[in-house]
Structures are given as C-alpha cells and as structure tokens.
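Coordinates in review
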Amino acid sequence: TLIPVPTQTCVPGLVTEPLVAVQLTNGYALAIAVDSCHFVFTATDPQGATATQLASQIDSVYLYLDRDGNAGSISATDTLIAVSRLQSGRASFDVGALAIAGGGGSRTINVVAKLNLLNCRNGNTIAFALADSSSVVFDRAARMTGSFPIANSAAASINAFPVAAVVVNTLASGNLYAGQTN
C-alpha cells in the first residue's frame, strides 16, 4: 500500500526526504520475510536528457524501515536496511529477511536518494516506484496484491543549487571592466 509522502524540492549534493513509502502487510497466518525488493527509477528533464544522464543525478539509493510512524521523513529512530546504486534504471535491495508478523503485521519502507552535486539540473523531476508484484521477493511463496505501479502521486523536483556546485574562475592578471574582453 502506498503511504503518501509530501512533494519536495531536492537539493543537489544532499540526501532527499522519502521519495516513496510503501506499507507491506502480511495477510497470511504465519510470519513472512522480505528477502529483496526492486524500485524502478523515473526522471524527466524538460530540456531532454538520455536515461544515462538522468540516472547520473543519483549517487546512491537508501532503503529505510520506518519505525516512528512518520513516512514523510527519516528520523533517528528509522533504520537503514539497505543501500543500492542505480543499474539499468532500478535500485535493487537485499534486505536480509525483513520479518513481517503473521495475521496482519505490517512494515513500512521508505526510499531516499543521495543526489549528485554536479549532475543534477534545475527543473528535473525524480521518483521511485514498485513496478509490479515481482518487485518484492519473499522467503517463501506469497501472493502480493495491490495496484501497480506503487509510486508517490507527484515526483520530487530539483530546483536549487548549493554554492558548492558553483565554480568561479579567477583571472590570471589584471581586471576586466564592463565592455572589455580578455
């Protein structure tokens, strides 16, 4: 089940707030465990960019277990359970048997990303989603129900540039005044 997270403006060079939050609920009587999950990456560039250029905006992707009930932010009580890099447009996480109690037990997982300081472009959007029921692999045969893809209703936008991303070149000698060229 999708847990809506607020839309956000992301800053290059920093870690985002959750880009998608998903609650996994166990409808079986016995406990079940998540072995791995795969989130697809989607991005847009209004000026046009290749898939490789769009993916280069992401340095790494983090999967957190939400422990404080606030899926819209990562706090000190939330637990980092896996880290991934984008490969072929998706982030794959080996979560090491994340247990979900039987009889309606649930766990909420959040995906956040570390943005590349230099490759992000203003006006671009980024998002992650569970594409289909095969995106989550359990420790035993299980049927996953829901509407796919599971994605936040709005993508996050990149609309800021930190001073660390701006380079000012110095002149070798002298000053240039208005109207002069070197």
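Below is a summary of the structure that appears in this document. Note that the coordinates shown come from a computational prediction; the quantities given were computed from them, not determined experimentally.

1. A closer look at the layout of surface pockets
- Estimates place the volume of the largest pocket at around 370 Å³.
- Lining the largest pocket are 19 residues, and of these Thr25, Asn26, Arg143, Met144 and Thr145 lie nearest its centre.
- A total of 4 residues in the lining of the largest pocket trace back to one element, the largest contributor, which is strand E3 (residues 20-25).
- Taken together, the residues that form the lining of the largest pocket break down as 10 nonpolar, 8 polar and 1 charged.

2. Considering the sheet that holds E3
- Across the sheet, 5 strands lie side by side as E1-E3-E8-E5-E6; this open sheet has antiparallel pairing. Of all the strands in the sheet, just strand E1 (2-3) and strand E6 (79-84) have a single pairing partner and so form its edges.

3. Quick look at empty space enclosed by the protein
- Under the counting rule described, the total for this entry stands at 1 cavity of 30 Å³ or more.
- Considering only enclosed or pocket space, the largest cavity measures out at about 50 Å³ in volume.
- A per-class count over the lining of the largest cavity returns 9 nonpolar, 3 polar and no charged.

4. Concerning the side chain of Ser135
- Within the element layout of this structure, Ser135 appears in the loop between strand E9 (125-130) and strand E10 (136-138).
- The class for Ser135 is buried, based on a relative accessible area of 6%.

5. As for the pattern of salt bridges
- Under the defined criterion, the tally for this structure stands at 3 salt bridges.
- For Lys114, the salt bridge goes to Asp59, with nearest N and O atoms at 3.8 Å. Here Lys114, found in strand E8 (residues 106-115), pairs with Asp59, found in strand E5 (residues 58-65); they are 55 residues apart in sequence, far enough to count as distant.
- Linking Asp139 and Arg140 is a salt bridge whose minimum nitrogen-to-oxygen distance equals 3.7 Å.
- The class of Asp139 is partly exposed, set by a relative accessible area of 39%.

Rules used throughout
Residues numbered from 1 in each chain as written. Predicted model: local features only at pLDDT ≥ 70, side-chain atom pairs only at ≥ 80, totals over all residues. Heavy atoms only, no water. 1 Å grid on protein atoms, 1.4 Å probe; cavity = no way out; pocket = protein on both sides within 12 Å on 5 of 7 lines; lining within 4 Å. Points joined across faces, edges and corners; volume = space filled by probe spheres on them. Helix = DSSP H or I, 4+ residues; strand = E, 2+ residues; numbered from the N terminus. Nonpolar A, V, L, I, M, F, W, Y, C, P; charged D, E, K, R; others polar. Pairing = 2+ DSSP bridges. Buried < 20%, exposed > 50% of the residue type's maximum accessible area, 1.4 Å probe, protein only. Salt bridge = Lys/Arg side-chain N within 4 Å of Asp/Glu carboxyl O.

Geometric values such as these leave the question of function open.
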